[in-house]
Amino acid sequence: MPAEPPSGRGAAVLRRWDSALIATLLLVTLTAALAVDGFATGRNAQFLLLDAVAIGLVALPVTLIVITGEIDLSVASTLGLCSAVMGQLWVSGWPLELVVLTAVALGALLGAVNGLFVTGFGLPALAVTIGTLAAYRGLAFVVLGDRAVADFPRAWTDAVGGTALAGAVPAAMLVTAVAAAGCAVLLHATPLGRSLFAIGNNAEAARFSGIAVARTKFWLFVSCGAVSGLAGVFWTLRYASARADNGQGLELAVVAAVLLGGVSIFGGRGTLAGVCAGVLLLVTLRNALQLADVPADTLDIVTGSLLILSVLAPRALTALRRTPTTRT
């Protein structure tokens, strides 16, 4: 019998990982509903899904970037800087509609800076985005300092946190779900999506096949910055507070969710369905632990452990599938 081609083997591993992830999500949800007081309520479901919005939004462009073999660790700092600028412009008397557009445009500009350093100067994305992680967060404190701007219109804050379905699903979550569906179509059913996988598998071969590798990566970083700016708007309005430290540490949760969803840190492999399941599993687990009065430090340990697991487990599954079976 002919050997299974690598692409088929990788797809089988991803399907197995996605199925295991969804089963784990259902098991964690059921266990939390039975064992944790207050988990199985509509109000808690709303809070849980709102927590998933910021992580889920930012995880979408980060997924595309990681599939090409790059990474963006500055997303939380971009969120924080856009939130700080949003607060400063609001207290300066700008109309909120213009403030929101400016925050998203600023996010796109910050993403373009990352993209320029990575694709224009050929610097490693890991080093660049660690640097901008610190730089953007520092700029956020320059803009707003330790102040908090909290007098945003009630209509806007209520719209962000309000429910749209069954008294538990926030309108923002429906928007995120639509964005995830669109991103899934782009990644898995369009020539652009196929080119992202090609770049992640072999950037040089993709370049020789006519794919504009540098330009594609640049615009991915721009889109990631813009979505991070949008997440900054959501974060600010959800908590009705613009602060320079908004979203601090979010990059760890985003990367953990993306890798937990089965996206290879080395690029070239992953599914949007897996990433969505990874986001929901992460926020469900953290929500249940918070309701169980688990300390915040322990929550960070759980997130870090899931990040390590997400790197090791898919590789172990691949190794197991490549191990030849002995027939008697």
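Here is a short report on the structure shown in this document. None of these values were measured; they are calculated from a predicted model.

Below, the discussion takes up the side chain of Thr-132. As for its position among the elements, Thr-132 is in helix α5 (residues 125-144). Here Thr-132 is in contact with Ser-74, Ser-77, Asn-114 and Arg-137, once residues within four sequence places are set aside.

The subject of this paragraph is the packing of aromatic side chains. Inspection of the entire model under this criterion finds four aromatic pairs. On the basis of an interplanar angle of 80° and a centroid distance of 5.3 Å, the ring pair of Phe-218 and Trp-219 is categorised as edge-to-face. For the ring pair Trp-235 and Tyr-239, a centre distance of 5.5 Å and an interplane angle of 50° mean the geometry is tilted. Residue classification places Tyr-239 among the partly exposed residues on the basis of a relative accessible area of 43%.

Pairs may arise between side chains of opposite charge once their charged atoms sit close together. Scanning all chains against the criterion turns up five salt bridges. Of the charged contacts, one joins Asp-51 and Arg-238 as a salt bridge, the two residues approaching to 2.8 Å between their closest N and O atoms. Placement of Asp-51 in helix α2 (residues 42-67) and of Arg-238 in helix α10 (residues 213-238) is noted, with a sequence separation of 187 residues between them. The class for Asp-51 is partly exposed, based on a relative accessible area of 26%. When the shortest N-O distance is used, the salt bridge between Lys-217 and Glu-70 registers 2.7 Å. In this pair, Lys-217 is assigned in helix α10 and Glu-70 in the loop between α2 and α3 (75-91), connecting sequence segments 147 residues apart. For the pair shown, Lys-217 and Glu-70 are each scored as buried.

Judged by nonpolar contacts, the single largest core of 80 residues is most densely connected at Ile-55, Val-62, Met-86, Leu-250, Val-254 and Val-258. Ranked by residue count, the leading element in this core is α2, at 16 residues. Excluding its chain neighbours within four sequence positions, the residues that come into contact with Val-254 are Ile-55, Val-58, Ala-59 and Val-62.

A contiguous nonpolar surface patch, about 430 Å² in accessible area, is contributed by Val-113, Leu-116, Phe-117, Phe-121 and Leu-123. Summarising the element assignment, Leu-116 is placed in helix α4 (residues 96-120). Accessibility expressed as a relative area gives 44% for Leu-116, which makes it partly exposed.

A few words on unusual backbone geometry. The backbone phi angle of Ala-240 is positive, close to 50°, even though this residue is not glycine. Relative to the helices and strands, Ala-240 resides in the loop between α10 and α11 (250-260). Judged by its relative accessible area of 25%, Ala-240 is partly exposed. Although it is not a glycine, Asp-293 adopts a positive phi angle of roughly 60°. You can see Asp-293 is positioned in the loop between α12 (272-291) and α13 (296-322).

Conventions used here
- Residues numbered from 1 in each chain as written.
- Predicted model: local features only at pLDDT ≥ 70, side-chain atom pairs only at ≥ 80, totals over all residues.
- Heavy atoms only, no water.
- Helix = DSSP H or I, 4+ residues; strand = E, 2+ residues; numbered from the N terminus.
- Contact = heavy atoms within 4.5 Å.
- Phe/Tyr/Trp six-rings, centres within 6.5 Å; stacked < 30°, edge-to-face > 60°.
- Buried < 20%, exposed > 50% of the residue type's maximum accessible area, 1.4 Å probe, protein only.
- Salt bridge = Lys/Arg side-chain N within 4 Å of Asp/Glu carboxyl O.
- Core = buried A, V, L, I, M, F, W, Y, C linked by side-chain atoms within 4.5 Å.
- Patch = residues over 30% accessible without salt bridge, like charges linked within 9 Å, V, L, I, M, F, W, Y side chains within 5 Å.
- Areas by Shrake-Rupley, 256 points an atom, 1.4 Å probe, with all protein chains shown as cover.

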